[in-house]
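# Notes for the structure review
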Amino acid sequence: MLGEDQLDATFTALADPTRRAILARLAKGDAAVNELATPFDISPPAISKHLKVLERCGLISRTRHAQFRICHLEQEAFDAAVSWIEENRRIWTERFDKLDEHLRDIQRTPSRRRKGKANE
Amino acid sequence: MSDQTSVAHELSYARVFDAPRELVFRCMIEPEHLTHFWGPIGVRTPLENIAVDPRPGGVFETVMVNDADGSQYMMRAVYVEVVEPERLVWTEALSGVTTTSTLVDLGDGRTEVRIRQTNVPEAFRSPEAQAGFSTSLDRFAAYLRQLSGDSER
């Protein structure tokens with residue numbers, strides 16, 4: 001099971017646009033480090049740093065094939081993080097939509113609003 | 001500024017409401033109001049399922065009910081901080097997730113509510129998270145759009 005530090009790190013990892021792009025690429029299939037560096041206008045050492053962050057939090061793993069290091073998306077860790085975030089975001093979005101509507105309702109009828117206050 | 005610090009192990013949402021701050025604050029602590037909006041779409045929170053004791057150490061408990069199949073979702077939290085009308089902090093007992101609501105008076109009759117969730121990682125230990133989820137590239141793409149679209153500055 002992932003340790004708490006690792007899980008904290010998952011959010012740090014997902015916060016960076018380059019790392020998110022790397023994850024999007026790996027979602028299509030494994031890739032060598034140099035393949036991953038190609039679409040980005042940054043140095044191999046910088047890519048390597050991003051990969052280290054992703055590896056540390058368990059979102060990817062790296063294995064060596066001949067002289068290549070192959071990166072692999074750890075689907076389960078990744079899905080757990082994304083699902084939780086998505087679900088939570090959806091709940092707050094819908095909750096806010098309803099609150100917005102509710103605030104309109106109670107402000108449209110001032111008498112009800114006052115009554116609410118008097119209920120205390 | 002690096003966006004790493006703002007999103008690292010926490011999540012933020014914000015919304016501007018066309019209502020005075022005092023009213024928005026009351027909506028967030030009074031069951032009579034909460035019952036109207038607490039559940040997301042398709043989920044209601046009956047008045048009798050809401051317990052609120054808005055003071056540090058007081059409970060904030062809700063049982064939401066899914067309209068479709070009647071399944072229930074319980075949230076048990078305890079208030080850590082209650083500063084009327086600007087700040088509410090509660091911690092969920094099971095997950096350890098702490099939610100901070102900050103209400104900002106925009107000075108023109110509108111109020112911005114900022115929700116910040118910290119200590120989120122514990123939530124990953126839930127059975128659902130451990131069982132793993134299936135996800136698709138489409139969902140991931142949508143998620144990325146959301147994340148880049150409204151990340152907090």
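Residues numbered from 1 in each chain as written. Chains lettered and ligands numbered in written order. Predicted model: local features only at pLDDT ≥ 70, side-chain atom pairs only at ≥ 80, totals over all residues. Heavy atoms only, no water.

## Quick notes on the overall build of chain A
A tally of regular secondary structure across chain A gives 6 helices and 3 strands. In chain A, the succession of helices and strands from N to C terminus is α-α-β-α-α-β-β-α-α. For chain A, buried positions account for 43% of its 120 residues. Of the contacts formed within chain A by residues at least 6 apart in sequence, a portion of 51% connects residues at least 24 apart. For chain A, the exposed area adds up to about 6400 Å²; of that, 50% sits on carbon and sulfur atoms. (Helix = DSSP H or I, 4+ residues; strand = E, 2+ residues; numbered from the N terminus. Buried < 20%, exposed > 50% of the residue type's maximum accessible area, 1.4 Å probe, protein only. Contact = heavy atoms within 4.5 Å. Areas by Shrake-Rupley, 256 points an atom, 1.4 Å probe, with all protein chains shown as cover.)

## Looking at the side chain of Glu 112 of chain B
All names here are of chain B. Tracing the chain through its elements places Glu 112 in strand β8 (residues 111-118). Under the relative-accessibility criterion, Glu 112 is labelled buried at 16%. At 3.2 Å, the side chain of Glu 112 and the side chain of Arg 114 are in polar contact. Discounting residues that sit within four places of it in the chain, Glu 112 has contacts with Ala 14, Arg 15, Val 16, Thr 102, Leu 103, Val 104 and Leu 106. (Polar contact = N/O pair within 3.5 Å; in protein donor to acceptor, adjacent residues only side chain to side chain.)

## Some remarks on the nonpolar core
Counting 54 residues, the largest nonpolar core has Leu 59 and Leu 103 of chain A together with Trp 38 and Trp 90 of chain B as its most contacted members. Of the residues forming this core, the biggest block, 11 residues, is contributed by helix α5 (residues 75-108) of chain A. Both domains that meet at this core, namely domain 1 (4-74) and domain 2 (77-118) of chain A, each give it at least three residues. Residues in contact with Leu 103 of chain A, not counting those within four places in the same chain, are Phe 17, Ala 19, Leu 23, Val 24 and Cys 27 of chain B. (Core = buried A, V, L, I, M, F, W, Y, C linked by side-chain atoms within 4.5 Å. Domains from an automatic or database assignment.)

## Here's the deal with unusual backbone geometry
For residues other than glycine, phi is negative in most cases, and the peptide bonds are mostly trans. The peptide bond linking Glu 84 of chain B to Pro 85 of chain B adopts the cis configuration, its omega dihedral lying at 0°. As for its placement among the helices and strands, Pro 85 of chain B is situated in the loop between β5 (72-83) and β6 (87-92).

## Description of helix α4 (residues 44-56) of chain A
Along an α-helix, a turn takes 3.6 residues, which lines up residues three or four apart on a common side. The first and last C-alpha atoms of α4 of chain A sit 18 Å apart over 13 residues, in line with the 18 Å expected at 1.5 Å per residue. Downstream of α4 of chain A by a residue or two, Gly 58 of chain A has a phi angle that is positive, lying close to 85°. (Expected span 1.5 Å × (residues − 1).)

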